[in-house]
Amino acid sequence: MNFLEVKEVSKAFVNHQALSNVSLEVPEGKIFGLLGPNGAGKTTLIRIINNITLPDTGEILFNGESLKPEHVQHIGYLPEERGLYKKMKTGEQALYFAQLRGLKRHEAMKRLKYWFQKFEIESWWNKKVEELSKGMQQKVQFIVTILHEPKLLIFDEPFSGFDPINVNLLKQEILNLKEKGSTIIFSTHNMASVEELCDNIALINNSKKVLDGDVQEIKQQFKLNVFDLHFKGRFDKFSASISTDYKIEEVRQENGHTICRTKLLNGSTTNQLISSMLPHGELVGMNEVIPSVNDIFIRVVENENKLQVAEQVK
Amino acid sequence: MDKILLIIKREYLTRVRKKTFIILTLLAPALMAAMVAVTVFITQLESDQLRYILVKDSSNKFEESLKDNKSIKFTFAKNTNVESIKKVFSDGNYYALLIIPEDPENENIELISENQSDINTKMYISSRIEEKIRSDKLKELGIEVETIDAINPNVHIRTIKIKADGSEELSSTEAALAIGYISAFLIYMFIFIYGAMVMRGVIEEKTNRVVEILISSVKPFQLMMGKILGIALVALTQFLLWVVLGFIIISITQTIVGVDSVPNNQLTEQVMQEGSLPQEIQNINNDNKVLNDVLESVMNLPIALIIFSFIFYFIGGYLIYASLFAGIGGAVDNEADTQQFMIPLTIPLIFALMIAQAIIQNPEGPAAFWFSILPLTSPVIMMLRIPYGVPAWEIILSMSVLIVTFIGSTWVAAKIYRIGILIYGKKFSYKDLWKWLRFNG
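For clarity, every value in this text was computed on a predicted model and none was experimentally measured. (Residues numbered from 1 in each chain as written. Chains lettered and ligands numbered in written order. Predicted model: local features only at pLDDT ≥ 70, side-chain atom pairs only at ≥ 80, totals over all residues. Heavy atoms only, no water.)

A word on the packing of aromatic side chains
Put simply, the rule is: A pair of Phe, Tyr and Trp rings is counted when the ring centres sit within 6.5 Å of each other, with Trp represented by its six-membered ring. The angle between the planes then sorts it: under 30 degrees is stacked, over 60 is edge-to-face, the rest tilted. By definition, any uninterrupted DSSP run of H or I lasting at least four residues is a helix, any uninterrupted run of E lasting at least two residues is a strand, and each is numbered from the N terminus. Over a ring means this: the NZ of a Lys or the CZ of an Arg is within 6 Å of the ring centre and within 35 degrees of the ring normal.
Counted according to the given criterion, the structure contains 26 aromatic pairs over all chains. Centre to centre, the rings of F3(A) and F62(A) are 5.1 Å apart; their planes meet at 70 degrees, and the pair counts as edge-to-face. Taken together, the positions of F3(A) in strand β1 (residues 2-12) and F62(A) in strand β4 (residues 57-62) put the pair 59 residues apart, joining distant regions of the chain. Site record: aromatic cluster; members linked through ring pairs are F190(B), Y194(B), F239(B), W242(B), F310(B) and F314(B). Directly above the ring of Y96(A) sits R10(B), whose terminal nitrogen or CZ lies 5.6 Å from the centroid.

What about the interface of chain B and chain A?
What counts here: Whether two residues touch is decided by their heavy atoms; if any such pair falls within 4.5 Å, the residues are in contact. Buried surface area refers to the total accessible area, computed with a probe of radius 1.4 Å, that the two partners give up upon joining, counted for both partners together. Every case where a carboxyl oxygen of Asp or Glu lies within 4 Å of a side-chain nitrogen of Lys or Arg is listed as a salt bridge.
Of the residues lining the interface, 26 residues belong to chain B; the matching set on chain A comes to 27 residues. Taken over both partners, the interface formed by chain B and chain A buries close to 2600 Å², and the fraction arising from carbon and sulfur atoms is 59%. For chain B, the biggest contributors to the area lost against chain A are R10(B), E212(B) and I213(B); these three give 23% of the whole. Viewed at the interface, chain A and chain B are joined by 2 salt bridges. In this structure, R17(B) and E92(A) form a salt bridge, with 2.5 Å as the shortest nitrogen-oxygen distance.

Re the sheet that holds strand β3 (residues 31-35) of chain A
All names here are of chain A. How we decide: Pairing between strands is defined by DSSP: at least two bridges between the two strands are required. For helices, the axis comes from a line fit to the C-alpha atoms of the stretch in contact; other axes are also lines fit to C-alpha atoms, and the angle between any two N-to-C directions lies between 0 and 180 degrees.
Strand order in this open sheet of 6 strands is β6-β7-β8-β3-β9-β10, and the pairing throughout is mixed. Strands at the two margins of the open sheet, each flanked by one partner only, are β6 (75-78) and β10 (208-214). Averaged over all pairs of adjacent strands, the angle between their axes in this sheet comes to 15 degrees, without regard to strand direction. Inspection of the sheet shows β3 paired to strand β9 (residues 200-205) by 4 bridges, in the parallel sense. Across the sheet, G33 pairs through a bridge with I201, a residue of β9. Taken strand by strand, helix α10 (residues 293-313) contacts β3, β9 and β10, and its axis lies near 30 degrees from that of β9.

As for the nonpolar core
Short version of the rule: Here, nonpolar core means buried Ala, Val, Leu, Ile, Met, Phe, Trp, Tyr and Cys residues that are tied together by side-chain atoms lying within 4.5 Å of each other. Classification of residues uses two cut-offs on accessible area relative to the type maximum, computed with a 1.4 Å probe and protein chains only: under 20% is buried, over 50% is exposed, and between them is partly exposed.
Ranked by internal contacts, the top residues of the largest apolar core, which has 164 residues, are F97(A) and F155(A). Core analysis: the next-biggest nonpolar cluster, separate from the first, contains 14 residues, V55(B), F62(B), F74(B) and I129(B) among them.

Quick look at the domain arrangement of chain B
What counts is decided by this rule: Domain start and stop points were drawn from an automatic or database domain assignment.
Domain assignment breaks chain B into domain 1 (50-148) and domain 2 (173-244 + 299-441). Its C-alpha centre places domain 1 of chain B at a distance of 59 Å from the equivalent point of domain 2 of chain B.

A few points about a negative patch on the surface
Rules: Patch members must show over 30% relative accessible area and no salt bridge, and they are joined within 9 Å when carrying like charges or within 5 Å when they are nonpolar side chains of Val, Leu, Ile, Met, Phe, Trp or Tyr. Shrake-Rupley sampling with a 1.4 Å probe provides the accessible areas, and residues are treated as covered by the protein chains on show and by no other component. His residues and chain termini do not enter the charge count, which takes Lys and Arg as positive and Asp and Glu as negative. Charge placement uses NZ in Lys and CZ in Arg. For Asp and Glu, CG and CD serve respectively.
A contiguous patch of negative charge, built from E131(B), E144(B), E146(B) and D149(B), is present on the exposed surface. In this fold, E146(B) is placed in helix α5 (residues 145-151).

Examining the pattern of salt bridges
Here the idea is simple: oppositely charged side chains can pair when their charged atoms come close. Throughout the structure, instances matching the rule amount to 27 salt bridges over all chains. A salt bridge links D236(A) to R234(A); the shortest N-O distance between them is 3.2 Å. Notably, a salt bridge pairs D136(B) with K132(B), separated by 3.2 Å at the nearest N-O pair. Taken as a pair, D136(B) and K132(B) lie in helix α4 (residues 119-140) at a separation of 4 residues, close to a single helical turn. Accessibility classification places D136(B) together with K132(B) in one group, the buried group. Members of the salt-bridge network, linked through shared partners, are R10(B), E11(B), R15(B), E205(B) and K227(B).

Here's the deal with a positive patch on the surface
Taken together, K89(A), K128(A), K18(B), K19(B) and R200(B) make up a surface patch of like positive charges. Mapped onto the fold, K89(A) is located in the loop between β6 and α2 (90-100).

Details of the sheet that holds strand β5 (residues 65-66) of chain A
Residues and elements named next belong to chain A. The 4 strands lie next to each other as β2-β1-β4-β5, forming an open sheet whose pairing is antiparallel. Only two strands of the sheet have a single partner each, and these edge strands are β2 (17-27) and β5. Taken together, the 2 bridges between β4 and β5 define a ladder with antiparallel strand orientation. Across the sheet, the residue bridging to F62 is E65, located in β5. Taken strand by strand, helix α1 (residues 42-49) contacts β1, β2 and β4, and its axis lies near 60 degrees from that of β2.

Description of helix α13 (residues 339-354) of chain B
Residue and element names in this part refer to chain B. To keep it simple, the criterion reads: How far a helix is expected to stretch is found by multiplying one less than its residue total by 1.5 Å. Think of it this way: the bend at a residue is just the angle between two axes, each fitted to seven residues, one set ending at that residue and the other starting at it.
With 16 residues, α13 extends 21 Å between its outermost C-alpha atoms, agreeing within 8% with the 22 Å of an ideal straight helix rising 1.5 Å per residue. Of all bends in α13, the biggest is about 30 degrees, found at L345, and the proline P348 comes one to four residues later. Looking at α13, one finds that the buried residues are F341, M342, L345, T346, P348, L349, A352 and L353.

What about a nonpolar patch on the surface?
All names here are of chain B. Residues V244, F247, I248, I252 and I256 make up a contiguous nonpolar surface patch of about 460 Å² in total accessible area. For I252, the location among the structural elements is in helix α8 (residues 220-257). Judged by relative accessible area, I252 falls into the partly exposed class, the value being 43%.

Comments concerning the pairing of strand β3 (residues 96-100) of chain B
Residues and elements named next belong to chain B. Counted residue by residue, β3 has 5 buried out of 5 residues, so it is predominantly covered. Residues A96, L98 and I100 point to one face of β3 and L97 and I99 to the other, with burial holding for every one of them. As judged from the 5 bridges shared by strand β1 (residues 51-57) and β3, these two strands associate in the parallel manner. Bridge assignment links I53 to a residue of β3, and that residue is A96. With 4 bridges joining them, β3 and strand β4 (residues 110-113) adopt antiparallel strand pairing. Paired with A96 across the bridge in β4 is S113.

Encoded structure:
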């Protein structure tokens, strides 16, 4: 079941089109990666989901209902441009934001105590925010985002400004939230964390959705029929012997093996590749090269941009 | 609605608890009181200092009339030799040497001193001499000095207003002027201080990047109004505290300094500021007819109307300016960029205070009328006029215009604010703002 559905949403600003006919389906209880280059329209989409701006056309379904301002209580939003009141005390401020999200004062207090203990930051309660380091402020902000136990969490670049230890802490918390049943939308340029965390992704480029689906399926789709062949033997003889049905893209040496990245062309098979190798050496192993999300991202975006330039030339 | 209250609460508490607020609130009346006290003290010091003046009176007519007073003591030189008198003057501890010729009417009288003689001394001497000459001449004409004294006019015009029911009441131009001026100036000051505070608050939220989290929880309009109203409460708190502290300080000053030494006009002003009359002031000054008239006419002023319209224009003017200031804050990234948008707002306000003098001279004129209707100047100008009496329809018109403008300015500001607060790192022109206004979404 889809927890959030974005249906043909368009949004124009005074000087540019931010979103055109974007549709997305975010399944319940999954982590959904919203990817795209800078200025693609991700933040606009996130703001629309958060009721900050209204779409020109299209609609958002939140848990099956048309999105209403009241739904904001069930959304936790960690914006990319984040900040706190510098002169306000940390605890007081966390309490203020929690109340703005609809929590009662004593309930907010109870939960804040729990989280401040869990993150071992109780001693910051009476400190002004300006006395905290940037990473510390981010922690407070994270707590504020999840405190009202929202069903939908939106994290825009959640790891920026954190050291590796805290990134791990945060990843763990995000996975815990997922386990508890929250649906999470995750927008980042850090592709490694997308691979690690996301179940589904959507790629937005130039205000349009260009790709979406299950991460594993997308990876399969974007396979290029490239294999890494590991063998011991004479690479020069092997490369001289293979036909034009194979294209060697990269060769490297590792632990005395030769690893030869080969693309299969014209319907040739791995069996044929192995048989042409066997006379020249000993097969150690072989694996298919699955493109990383990073590769897919770059490939799709560059391709799209080329198409656009071509269109403009026409 | 709950959320707007939360925002108001935060805006109010964070500001009221600030040390600068507490210090300013306590210090400002104390400073005012100190200034009054120092002025009184210095005036006393000055008058205590005795000035000895050596007089060479060649006409021998003025020994009687040049009487010593609190600060001047005359010594008449019997010696007629100018040189020896000058020697006495330079040897002795004299402030000045006054040389009166035989015929003071046709020759110059000289006042010689080491420093420039002060104006009070000069005026005192010349008035004494003139009086003596005048009375001598009257005697020559056969008129007794007593007769002159008896007919010497002492004119004080009592201004009386006839009310619609035919009854008369004592009015005072001075009282009206003071009350009008003080209320107008207070409104002007509070609009500027607290309007700018709203703007700075908006810019702070924008530069701190808090705003995005905030408006994912509340509507931009709620956030803006919460801030404007919260700060309005801060302004009212400060104003009320000042009134209360003012009362306390006045009563302390009265007991310590003693009312006698406080100059009358100053007392009157203080009374006017507070809008009521402590009984003892009235008693002490019973002998002073003019002051009493002023006090009576203060009582005759439409106090209720003045207080009501003060609060109305105070809040109304603040709300209009604060909402526009909030719009500006939303459109810029830092205070340095606010200048181009601030000028069209500050000019009407400064202009209103500048023409205050002219308005007071002609509180019924066309300029007074129009500027007390136009919403950007009416809070200041109408307050100047109200103590003089303004037709009810003008007040109603002016207030209605103010309310309508407030609704309009809030609408405009909210639109600019809503778009502006989410855009960082760009500078905007009026053209951009105009586009935002026409842009729906």
